[in-house]
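Results of the structural survey
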Amino acid sequence: MNEIDALETKGQKAAPMGRVLSFATITALGFVLGKVSGILREMVVSARFGLSAQLDAYFLAGSVPTIINNVVAGSAITAAIMPTFARYLATEGDARAARSEFWYVASILTNIVLLITGALTVLAMLFAAPIISIIGSKLDAPTAALATNLLVIMMPTLLLGAALNMLMAMLNSLDRFTAPALIFLALNVGIIGTVIVFSPAIGVYAVAWGFLIGVGLQVAIQLIELRRERPQYAWRLDWRHPALRQVLRAFIPIAALSIVAQINLLVDRTMAATLPAGSVSALYYADSVLGMFYMLGISLGIAVFPSLSRLAATNDLANTARTVDSSLRLLILILMPLIFLLILFGAPIIGLILGRGEFDPAAVARTAQALTMYALGLIGIAAMYVLQRAFFALLDNVTPFIVGAGAAVLHIILNLLFMPIGSHAGIALSTSITALVSAVVLTLILARRVPHLELRGLLLYILRCAVMALVCAGAAFWLFSILDLGVETLTARIVGVTFAAFGGIAYFVLALLTGVSESKTLVNVVIGFVRRKK
């Protein structure tokens, strides 16, 4: 019996962590492909435009459909709809009738979401100039005009994104995770191809058109996989269906939390726009690199949500606590060394990934400064995805919103304190502190709701991993510094990233040798997953 099977048969009511980790592995592999292609995308875009006002205009314009989508039809609607979908699929009795009702509910909810986002798309395109004047009030006239034109091009991604998220909710409800895992790869392929072919002729407009094409590819991939389930789509609007009321009750507090998160993003970009040109882009690139690692939290959050919901529905608080604890320990084990490695080796990492063309050594240094500050909050950022879904599973959507609202206020205060000292890096530091505080507060509240979540053991585990990570990362950086290569040449950057990789390997070996059980579990789960795919 392999580790996955053992995990699945551990107890009748225990969360099927082997199955969860299998789904998380599929999602994580998709994210890896997305991040690798994302790095290629950033290489192409940064080499073409560097840290420029043109790129600032693109990022500001792109934040509008992204923010609206995240609030109206992004993760919020998915979190609200998934439990409803699951209830219809799990209805006892006639399986064919239950599945037919599932498709009917999915159809009417999708139609309503598309109707709302379609109206918002048209309005935003009509009022593009006033919107840009609000979020980019400090932009000069040419940059503001450019951002307005880019917003008109990218705004239809709101409607496409709404369709995308509804399709992914259906697929995840049916235990299909492959197509949803490929969304980032599809987006990046669209942007890379369009920029390479068209940017010499139309400049930064090629990035905007690439974004639109990429979102279209995302939707197409979901439709291809959904066809395997023989969907029964109904072009109906049923405003009185009970499922709509169920989703609405769950959606309001979750959407409010999403609004808070998007306010944080908008505040950061708006405040960064008051700093020297390129500050918005530096924060974006640093966050993109960091996203390669906090994607683990997203993957676990997506995969563990159904199991947490089932456990909470049966009031199995012991196994709910065990599932949350296992997820957090995996995050800590994997991400702890990356915090120290990103702080110590930030410059060679950024330089190797982005340092070419218009992305000069000064741009590398500015982006590395932001990455260092973001890295401090890596575990907090990733843990939030698991902790929030634990509360959603317990049907407590209000607590994450209250904590998130308080964090938004704290974030603004810290931005005002740190920006005069650290410029754009101060904004990144504010983000990290806010994420860590939020994660700690949610964990403490969850421990009161789920008494079986043992905090002392979790704290000792954090300290154990931190000591191992500091030793291994510090030794790797010390050996690299002895070579005195600097960080501005390609050779130095390759050597630096190589030493960072050895530091990470040394940490994992040390974890195995010192008997950290999660490291053994992770190895066995990966081996079991590979065997199943053969």
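Residues numbered from 1 in each chain as written. Predicted model: local features only at pLDDT ≥ 70, side-chain atom pairs only at ≥ 80, totals over all residues. Heavy atoms only, no water.

Attention now goes to the overall build of the protein. Helix and strand content of the protein: 22 helices and 0 strands. Reported as C-alpha extents along the three principal axes, the dimensions of the protein are approximately 70 × 60 × 45 Å. Across the 534 residues in the protein, those meeting the buried criterion constitute 55%. Carbon and sulfur atoms make up 69% of the accessible area of the protein, which amounts to about 22900 Å² in all. Once the 35 positive and 24 negative side-chain charges of the protein are each reduced to a mean point, those two points are 5 Å apart. (Helix = DSSP H or I, 4+ residues; strand = E, 2+ residues; numbered from the N terminus. Buried < 20%, exposed > 50% of the residue type's maximum accessible area, 1.4 Å probe, protein only. Areas by Shrake-Rupley, 256 points an atom, 1.4 Å probe, with all protein chains shown as cover. Lys, Arg positive; Asp, Glu negative; His and termini not counted. Charge placed at Lys NZ, Arg CZ, Asp CG, Glu CD.)

Any aromatic ring pair is given by two values, namely how distant the centres are and how the planes are angled relative to each other. What the rule picks out here adds up to 10 aromatic pairs. When the centroid spacing of 4.0 Å and the interplanar angle of 35° are considered together, the rings of phenylalanine 59 and tyrosine 284 count as tilted. In this pair, phenylalanine 59 is assigned in helix H3 (residues 53-72) and tyrosine 284 in helix H13 (residues 279-313), connecting sequence segments 225 residues apart. Among the residues examined, phenylalanine 59 registers a relative accessible area of 5% and is labelled buried. For the ring pair tyrosine 233 and tryptophan 235, a centre distance of 4.9 Å and an interplane angle of 70° mean the geometry is edge-to-face. An aromatic cluster of three or more residues is present, and its members are Tyr58, Phe59, Tyr284, Tyr285 and Phe359. A cation sits over an aromatic face here: arginine 329 above tyrosine 461, 4.7 Å from the ring centre. (Phe/Tyr/Trp six-rings, centres within 6.5 Å; stacked < 30°, edge-to-face > 60°. Lys NZ or Arg CZ within 6 Å of the ring centre and 35° of its normal.)

A few words on the environment of leucine 159. Position of leucine 159 relative to the elements: it lies in helix H8 (residues 157-173). Classification of leucine 159 by relative accessible area gives partly exposed; the value is 35%. Leucine 159 sits 116 residues away from methionine 43 along the chain, and the two C-alpha atoms are 28 Å apart. Here leucine 159 is in contact with Leu114, Thr117, Gly118 and Thr121, once residues within four sequence places are set aside. (Contact = heavy atoms within 4.5 Å.)

Scanning the model with the defined rule gives 6 salt bridges in all. Ionic pairing is found between arginine 41 and glutamate 42, a salt bridge with its closest N-O pair at 2.3 Å. The exposure class of arginine 41 is buried, given its relative accessible area of 13%. The shortest N-O distance in the salt bridge between glutamate 229 and arginine 176 comes to 2.6 Å. In this pair, glutamate 229 sits in the loop between helix H11 (205-226) and helix H12 (242-272) while arginine 176 sits in the loop between H8 and helix H9 (178-181), placing the two residues 53 residues apart along the sequence. (Salt bridge = Lys/Arg side-chain N within 4 Å of Asp/Glu carboxyl O.)

Time to look at unusual backbone geometry. Unlike most non-glycine residues, serine 423 shows phi in positive territory, near 55°. The residue serine 423 is located in the loop between helix H18 (398-422) and helix H19 (424-449) in this model. For serine 423, a relative accessible area of 24% puts it in the partly exposed group. Unusually for a residue other than glycine, aspartate 484 sits at a positive phi of about 50°.

Take the packing of helix H14 (residues 317-344) against helix H16 (residues 361-375) next. As a packed pair, H14 and H16 sit with axes 8 Å apart at the nearest point and diverge in direction by 160°. It follows that H14 is roughly antiparallel to H16 by the angle criterion. The hand of the H14/H16 crossing is left-handed. Across the interface between the two elements, Ile339, Leu342 and Ile343 of H14 pack against Leu371, Thr372 and Ala375 of H16. The residue inventory of the contact of H14 with H16, partitioned by class, reads 5 nonpolar, 1 polar and no charged. (Axes fitted to C-alpha atoms, helices over the stretch in contact; angles between N-to-C directions. Parallel < 35°, antiparallel > 145°, perpendicular 65-115°, else oblique. Left-handed = near helix turned anticlockwise from the far one by under 90°. Nonpolar A, V, L, I, M, F, W, Y, C, P; charged D, E, K, R; others polar.)

So, on to the environment of isoleucine 433. On the secondary structure map, isoleucine 433 appears in helix H19. Sequence separation between isoleucine 433 and leucine 414 is 19 residues; the distance between their C-alpha atoms is 8.6 Å. Contacts of isoleucine 433, omitting those with residues within four sequence positions, involve Leu414 and Phe418.

Right, let's get into the side chain of serine 46. Tracing the backbone shows serine 46 in helix H2 (residues 17-49). Among the polar contacts made by the side chain of serine 46, one reaches the main-chain carbonyl oxygen of glutamate 42 at a distance of 2.4 Å. Side-chain polar atoms of serine 46 contact the backbone oxygen of methionine 43, separated by 3.4 Å. Contact partners of serine 46, with chain neighbours within four places excluded, come to Tyr285, Leu354, Glu358 and Phe359. (Polar contact = N/O pair within 3.5 Å; in protein donor to acceptor, adjacent residues only side chain to side chain.)

Time to look at helix H7 (residues 141-154). Along an α-helix, residues three or four apart share an orientation, since each turn contains 3.6 residues. Between the first and last C-alpha of H7 there are 20 Å, a value that for 14 residues agrees with the 20 Å anticipated at 1.5 Å per step. Here H7 has its buried residues at Thr143, Ala144, Leu146, Ala147, Thr148, Leu150, Leu151, Ile153 and Met154. Contacts from the buried residues of H7 go to H3, helix H6 (128-135), H8 and H11. (Expected span 1.5 Å × (residues − 1).)

What follows deals with the packing of H3 against H7. Here H3 crosses H7 at 40°, and the two axes come no closer than 8 Å. Between H3 and H7, the angle falls in the class oblique. For the element pair H3 and H7, the recorded crossing hand is right-handed. For the pair formed by H3 and H7, the contact residues are Ala53, Gln54, Ala57, Tyr58, Ala61, Gly62, Val64 and Pro65 on the first element and Thr143, Leu146, Ala147, Leu150, Leu151 and Met154 on the second.

Once that is clear, we can look at the confidence of the model for the protein. With 91% of its residues at a pLDDT of at least 70, the protein reaches an overall mean of 85. Within the protein, helix H20 (residues 455-483) carries the highest mean pLDDT (95), whereas helix H1 (residues 3-8) carries the lowest (40). Segment residues 1-15: pLDDT under 50, and 31 contacts once partners within four positions in sequence are set aside and those in other chains are kept. (pLDDT = per-residue confidence, 0-100.)

For the rest of this paragraph, the subject is helix H17 (residues 378-393). Compared with the 22 Å implied by 1.5 Å per residue over 16 residues, the 24 Å span of H17 between its first and last C-alpha is a close match. Its maximal kink placed at methionine 384, H17 deviates by approximately 30°. Of all 16 residues making up H17, 15 are buried, and the element is well covered by its neighbours. The positive-phi residue at the C-terminal boundary of H17 is leucine 395, with phi of around 60°. (Bend = angle between axes of the 7 residues up to and from the residue.)

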